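Chain by chain, the residues run as shown.
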Amino acid sequence: MEVTDNEESTLLKVENEEASEGEESDLLSEESMGVDKPDDEDDDLSEDEREAEAEIQRLEEQLSINAFDYNCHVDLIKLLRQEGKLHRLRKARLKMSELFPLTEELWLDWLKDEIGLAENDLDRERVYELFEKAVKDYICPDIWLEYAQYSIGGMGSSGGIEKVRRTFDRGLTEVGLHVLKGTALWEAYREFEIAIMSSLQLAPGQIASREQQELLDAQLERIRSLFTRQLSVPLMDMEATYVEYTEWTEDDVPKVVSESYRRALKKMEGLKGYEDTLLLAEAPKLTEYQTYIDYELKEGDPARVQIIFERALVENCLVPDLWEKYTTYLDRQLKLKDLVLSSHERAVRNCPWTMTLWKNYLLALERHTMDHSVIASTFERSLTAGFIQASDYVEMWQIYLDYLRRRVDFSKESSKELDELRATFSRSLEYLKDIEDRFSGSGDLSCTVMQIWARIEAFHCKNLQKARELWENIMMKGNAKYANMWLEYYNLERCYGKSVHCRKVLHRAVQSTSDYPEHVCEVLLTFERVEGSLEDWDAAVQKTETKLSRVTEQRARAAEKEANQAQLQKGKTEEWRRAKADKATLKKSNKSKHIAEKRKADKDDVFDASELSRKRHCGDGPKGVDSETSKFGPEPHHKAQSNTGPARRKQQVSSEATKTNSEEKWDDGCSVFISNLAFTLQEPEEQMKTVFQTCGGIKEVRPIFSGHGTFRGYCYVQFEDPIAVAEALKMDRQELDGRPMFVSPCIDKKKNQDFKAFKYSSSLEKHKIFISGLSYSCTQQELEELCKPHGTIKAVRLVTNRSGKPKGLAYVEFANEAQASQAVLKLDGTSFQSYTLSVAISNPPRRKPEAASGNPPRATLPAQMHGARGRGRTQLALLPRSLHRQLVSEPKAGNGTTDKEAGGVQSKPMSNADFAQLLRKK
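Please read these numbers as outputs of a predicted model, since none were measured by experiment.

Would you mind going over the overall build of the protein with me for this structure?
Helix and strand content of the protein: 37 helices and eleven strands. Looking at the protein residue by residue over its 922 residues, the buried ones come to 34%. Counted over contacts in the protein with a minimum sequence separation of 6, partners at least 24 positions apart contribute 61%. For the protein, the exposed surface amounts to about 56300 Å²; the carbon and sulfur share of it is 51%.

So what exactly am I meant to see when it comes to the sheet that holds strand β11 (residues 838-842) here?
Pairing between the strands of a sheet comes from backbone hydrogen bonds, and it takes one of two forms, parallel or antiparallel. Pairing within the open sheet is antiparallel, and its four strands lie in the order β7-β8-β6-β11. With one partner strand each, in any of the chains shown, β7 (793-800) and β11 form the two edges of the open sheet. Going across the sheet, the axis of each strand differs from the next one's by a mean of 25°, ignoring polarity. For strand β6 (residues 765-772) and β11, the ladder comprises five bridges, and the chain directions are antiparallel. When the bridges of β11 are listed, serine 772 appears paired with serine 838. Those strands touched by helix α32 (residues 780-787) are β6, β7 and β8 (806-814), and its axis lies near 135° from that of β7. In the packing of helix α33 (residues 817-827) onto the sheet, contacts are made with β6, β8 and β11, and the angle to β6 comes to roughly 25°.

What is the right way to read the sheet that holds strand β2 (residues 698-705) from this model?
Within the open sheet, the five strands sit side by side as β2-β3-β1-β5-β4. Their pairing is antiparallel. Looking along the sheet, the strands with just one partner apiece sit at the ends: β2 and β4 (734-736). Averaged over all adjacent pairs, the angle separating strand axes in this sheet is 30°, with direction ignored. Two elements, β4 and strand β5 (residues 739-745), share three bridges in a ladder whose sense is antiparallel. Bridge pairing in β5 links leucine 736 to arginine 739.

I would appreciate a short explanation of the environment of threonine 328 in the present structure.
Considering the arrangement of structural elements, one finds threonine 328 in helix α16 (residues 320-334). By relative accessible area, which is 23% here, threonine 328 ends up partly exposed.

Where do I start with the pattern of salt bridges in this structure?
Pairs can form between side chains of opposite charge whenever their charged atoms are close. Applying the stated rule across the entire model yields 45 salt bridges. For the salt bridge of glutamate 125 with lysine 163, the shortest nitrogen-to-oxygen distance reads 3.9 Å. Taken together, the residues span a long stretch of sequence, with glutamate 125 in helix α7 (residues 121-137) and lysine 163 in helix α9 (residues 160-175) at a distance of 38 residues. Lysine 788 is paired through a salt bridge with glutamate 785; the nearest N and O atoms lie 3.4 Å apart. The class for lysine 788 is partly exposed, based on a relative accessible area of 26%. What makes glutamate 785 partly exposed here is its relative accessible area of 45%.

What am I meant to see in the packing of aromatic side chains here?
Pairs of aromatic rings are described using the distance from one ring centre to the other and the angle between the two planes. Going through the model one piece at a time under the given rule, you end up with 34 aromatic pairs. For the ring pair tryptophan 471 and tyrosine 489, a centre distance of 5.4 Å and an interplane angle of 5° mean the geometry is stacked. Separated by 18 residues along the polypeptide, tryptophan 471 in helix α23 (residues 464-479) and tyrosine 489 in helix α24 (residues 483-496) bring together distant segments of the chain. Summarising the burial analysis for this pair, tryptophan 471 and tyrosine 489 share the class buried. Ring pairing ties together the aromatic residues Phe379, Phe387, Tyr393, Trp397, Tyr400, Tyr403, Tyr431 and Phe439, which thus form one cluster. Above the face of the phenylalanine 742 ring, arginine 733 is positioned so that its terminal group lies 4.8 Å from the ring centre.

Would you take a moment to explain the side chain of asparagine 479 for this structure?
Mapped onto the elements of the fold, asparagine 479 is located in helix α23. With residues up to four places along the chain from it excluded, the contact list for asparagine 479 reads Leu445, Ser446, Cys447, Ile474 and Met485.

So what exactly am I meant to see when it comes to unusual backbone geometry here?
Trans is the prevailing form of peptide bonds, just as negative phi is the prevailing case for residues other than glycine. In this model, alanine 283 is joined to proline 284 through a cis peptide bond whose omega is 10°. Turning to its location among the elements, proline 284 is positioned in the loop between α13 (255-280) and α14 (286-299). The phi angle at threonine 369 is positive, at roughly 50°, despite the residue not being glycine. Within the secondary structure layout, threonine 369 lies in the loop between α18 (355-367) and α19 (372-383). For asparagine 676, which is not a glycine, the phi torsion comes out positive at approximately 65°. One can find asparagine 676 in the loop between β1 (671-675) and α30 (684-691).

Can you walk me through the packing of α18 against helix α20 (residues 390-407) in this structure?
Between two packed helices, both the angle of their axes relative to each other and the distance between the axes serve to describe the pair. The geometry of α18 relative to α20 is characterised by a closest axis approach of 10 Å and an angle of 5° between their N-to-C directions. As summarised for this structure, α18 and α20 are arranged roughly parallel, according to the angle between their axes. Contacts between α18 and α20 involve Met355, Trp358, Lys359, Leu362, Leu363 and Glu366 on the former and, on the latter, Asp392, Glu395, Met396, Ile399, Tyr403 and Arg406. For the contact of α18 with α20, the per-class residue count stands at seven nonpolar, no polar and five charged.

What's the story with the environment of histidine 507 in this structure? I'm lost.
Within the secondary structure layout, histidine 507 lies in helix α25 (residues 499-512). Take histidine 507: its relative accessible area is 19%, and that puts it in the buried class. Apart from residues lying up to four places away in sequence, histidine 507 is in contact with Leu524, Glu528, Ala540 and Lys543.

I keep staring at the confidence of the model for the protein and nothing clicks. Help me out?
As a general rule, the predicted coordinates of low-pLDDT regions are not to be interpreted in detail. Counting all residues, the mean pLDDT for the protein is 81, and 78% of those residues have values of 70 or more. Predicted confidence in the protein is weakest over helix α28 (residues 637-641), with a mean pLDDT of 38, and strongest over α18, with 96. Note on residues 606-663: pLDDT is under 50 here. Beyond four places in sequence and across chains, it has 20 contacts. Within the model, pLDDT remains below 50 along residues 882-906, and this stretch shows 20 contacts once partners closer than five positions in the same chain are excluded.

I would appreciate a short explanation of a nonpolar patch on the surface in the present structure.
Judged by side-chain polarity, Leu180, Leu279 and Leu280 come together as a nonpolar surface patch covering roughly 330 Å² of accessible area. Checked against the element boundaries, leucine 180 lands in the loop between α9 and α10 (182-200). Assessed through its relative accessible area of 34%, leucine 180 is described here as partly exposed.

Explanation requested: the pairing of β2 in the structure shown.
A regular strand carries its side chains on alternate faces of the sheet. Across six bridges, β2 lies against strand β3 (residues 711-719) in antiparallel orientation. In the sheet register, arginine 702 faces β3, and the bridge partner there is tyrosine 716. Count of turn residues in the β2/β3 antiparallel hairpin: five residues, of which glycine 709 carries a positive phi of about 90°.

Even after reading the chapter, I still don't get α7, so can you show me in this structure?
Think of an α-helix as turning once every 3.6 residues; residues three or four places apart then point the same way. Between its first and last C-alpha atoms α7 spans 25 Å; for 17 residues at 1.5 Å apiece the expected length is 24 Å, and the two agree. Buried within α7 are the following residues: Asp123, Val127, Tyr128, Leu130, Phe131, Lys133, Ala134, Val135 and Asp137.

What should I look at first to understand the environment of asparagine 350 in this one?
Looking at the element boundaries, asparagine 350 is found in helix α17 (residues 337-350). Placed 37 residues apart in sequence, asparagine 350 and leucine 313 show a C-alpha to C-alpha distance of 9.9 Å. Once you skip the residues sitting within four places of it in the chain, asparagine 350 turns out to touch Pro101, Tyr138, Cys317, Leu318 and Trp323. One polar contact links the side chain of asparagine 350 to the main-chain carbonyl oxygen of arginine 346, over a distance of 2.7 Å.

Calculation rules
- Residues numbered from 1 in each chain as written.
- Predicted model: local features only at pLDDT ≥ 70, side-chain atom pairs only at ≥ 80, totals over all residues.
- Heavy atoms only, no water.
- Helix = DSSP H or I, 4+ residues; strand = E, 2+ residues; numbered from the N terminus.
- Buried < 20%, exposed > 50% of the residue type's maximum accessible area, 1.4 Å probe, protein only.
- Contact = heavy atoms within 4.5 Å.
- Areas by Shrake-Rupley, 256 points an atom, 1.4 Å probe, with all protein chains shown as cover.
- Pairing = 2+ DSSP bridges.
- Axes fitted to C-alpha atoms, helices over the stretch in contact; angles between N-to-C directions.
- Salt bridge = Lys/Arg side-chain N within 4 Å of Asp/Glu carboxyl O.
- Phe/Tyr/Trp six-rings, centres within 6.5 Å; stacked < 30°, edge-to-face > 60°.
- Lys NZ or Arg CZ within 6 Å of the ring centre and 35° of its normal.
- Parallel < 35°, antiparallel > 145°, perpendicular 65-115°, else oblique.
- Nonpolar A, V, L, I, M, F, W, Y, C, P; charged D, E, K, R; others polar.
- pLDDT = per-residue confidence, 0-100.
- Patch = residues over 30% accessible without salt bridge, like charges linked within 9 Å, V, L, I, M, F, W, Y side chains within 5 Å.
- Expected span 1.5 Å × (residues − 1).
- Polar contact = N/O pair within 3.5 Å; in protein donor to acceptor, adjacent residues only side chain to side chain.

This is the structure:
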């Protein structure tokens, strides 16, 4: 949007008064902004002011680099307002309003500040101009109400009352149909007229003159008219308005008013469901507004359709489809020049990256016969909008060139408009050449703009020489191998040229075409049948036969080459399959060999155990063993392992007692589980105490070690207070010794089946985007700077593996869905740090529940007592396989069945005779 004369004068005044900024800013901050500065805090405030000034300079420098950083504008305005920098604040607000439509909150803050500083009529006029700018960005009832109330303050001036009434009437035209907020403006207007009525009332006993009575009657009619108009509009709490009207009027309510009120009330009943849905929905409520809009379109009231569109755009101003739908409706239905053009202007200011909005804007400007300078400047603005596709620039040039062609009077040999058209065609070709370089070769590859220019020169200007030059340039840009391009050239010569030129084009086409040569040859032969001589026919037949034979040979060679490649690929596949099969066979043989060696070793162990038993039984045991006590057979299994002496047994009993006592004192509610720690972590217990000491008092740290004494990478931390657990969970994925540390609650999943360890959502998140293709060296700060221009960023998360190394993936959370959609449109396919990004709305795959894996639970053997060194190899061999299988399958009966259903008979201990009988069966 161009800067108006008033804005330029304001900026000039701002620059001239910069010298006195410090004194006036202090006055503003103390008096207007309500900030007190006690004398005993001067030093602290000076330090704060220095920090604020540094931040202001940083924001201004950032805006000098990227003037379209919306969030940076907002932060600068907020900081300048907080510090009371009046002149710089005005300048920052003006610059932002030139680039973006301001929200209702920003406009109300600006208006509030300027109203507080207005001291004379000149200041008041400037505030009026500011209100006029504010009401053009969005249709906001609160701004119109503020505008009307402020205008009441100037009613004492000449024509002030009529100016207030005009402001109220304009506001009612814009927002009087707003179902929720329109009532406030109606009531304010009515109260203003009632106040004027009170000032016209005569004192008791006075007799009104004819003029006074006419004024009183006219004022009564105004109030009655306001009641009548409001009661005919469906608004919230309209029943209270009807009651107020019946109390105010001295006569009965007219039948016309009652009928219009009933119709409006009935209409309100149909709208109430949509309004309730909007009240309950969460912003930006796009789906709910779409449903509401469809309903109003079906009803067909243009004024109501307009107001619901405007309400939806306030909360969805960055949705291009909504703007396109609204402007298209205005173009086709209302066709009001001011309303249509202002809506198009607001659309391109909110969504400047959308080519369709600019295209429709240019067409609307031409449709309403705007000046050529306005259309040309709008087109130039569109070229700086930053479209995301090269084809958008091509289409914009086509729209503008079509407009220029419609301005030319081709009945004249030369004209200013024709010269401008040709100059613009030349400029477009140069511009699109740069676009092809910028977008890596994509753009007007088929030379559409040049084709249109050639047709205009041939049809309108009768300049075939220029048209042929243009087509030669088209063919030189890599299009000579395409049959359709040659046929377009041939059609041009067929329509406006002579047969000799048609024949030349077709002969060149046969020579150069590589995609559909048969079709071109057929066109040439058909042409010679109709217009050629015998010599021409013979030449065409010879040329087409030569071309087709050459094409046949080329296709045969290509097919042979493709077959050879397929055969080679098939051989490689077979070789890979054989190698894989040989590898599997070798692996299977090695496994069988290993099992055989293991069985042999087990037999040797059984033999050694039997030999030892025989020696003990025969009295040949080691010294100190009483042979008399051995005559009853070998010692039991558990006694054979517990030969470490009474001291060892006492130590084992003490350890088990300590472990049992510790388990009894352990509290999961005050504990967290730490995992993904480095196995090489030195002194993990001390490290954990150091890391978590800020969370609260630590009662115990229990690191887990393997049987060899090495740290296993996880531990348990118990705090003295459950509140410390919440603080500890905030340290999840904090880096420790080069790896992300995983912190989770200490919860038994067997007792709590609904516990969810994965803390991130696994469903569609419309306010969050997923970015892939990032550089592994990309930091969180760099990614945040990349996404900041597209909306307010709430969180950035780089995805890493368990070792802490990045995967090139990230999630960025925005304040709302519209900002996330805008980021996807702007960032998808762009290059960042020499990598092409892929950006989409976050929709993670659902995590499969453990029960859905389909793997049956593993059968476990009954717990057995073992010694301090664990279970030995020989004990496995002493257990018969048949008994082993029986013990393994036994727990299956308990998986949802009773013992009776599983077998019907409970198992009992087996005697030596049972073992012997079982072995004979084998």
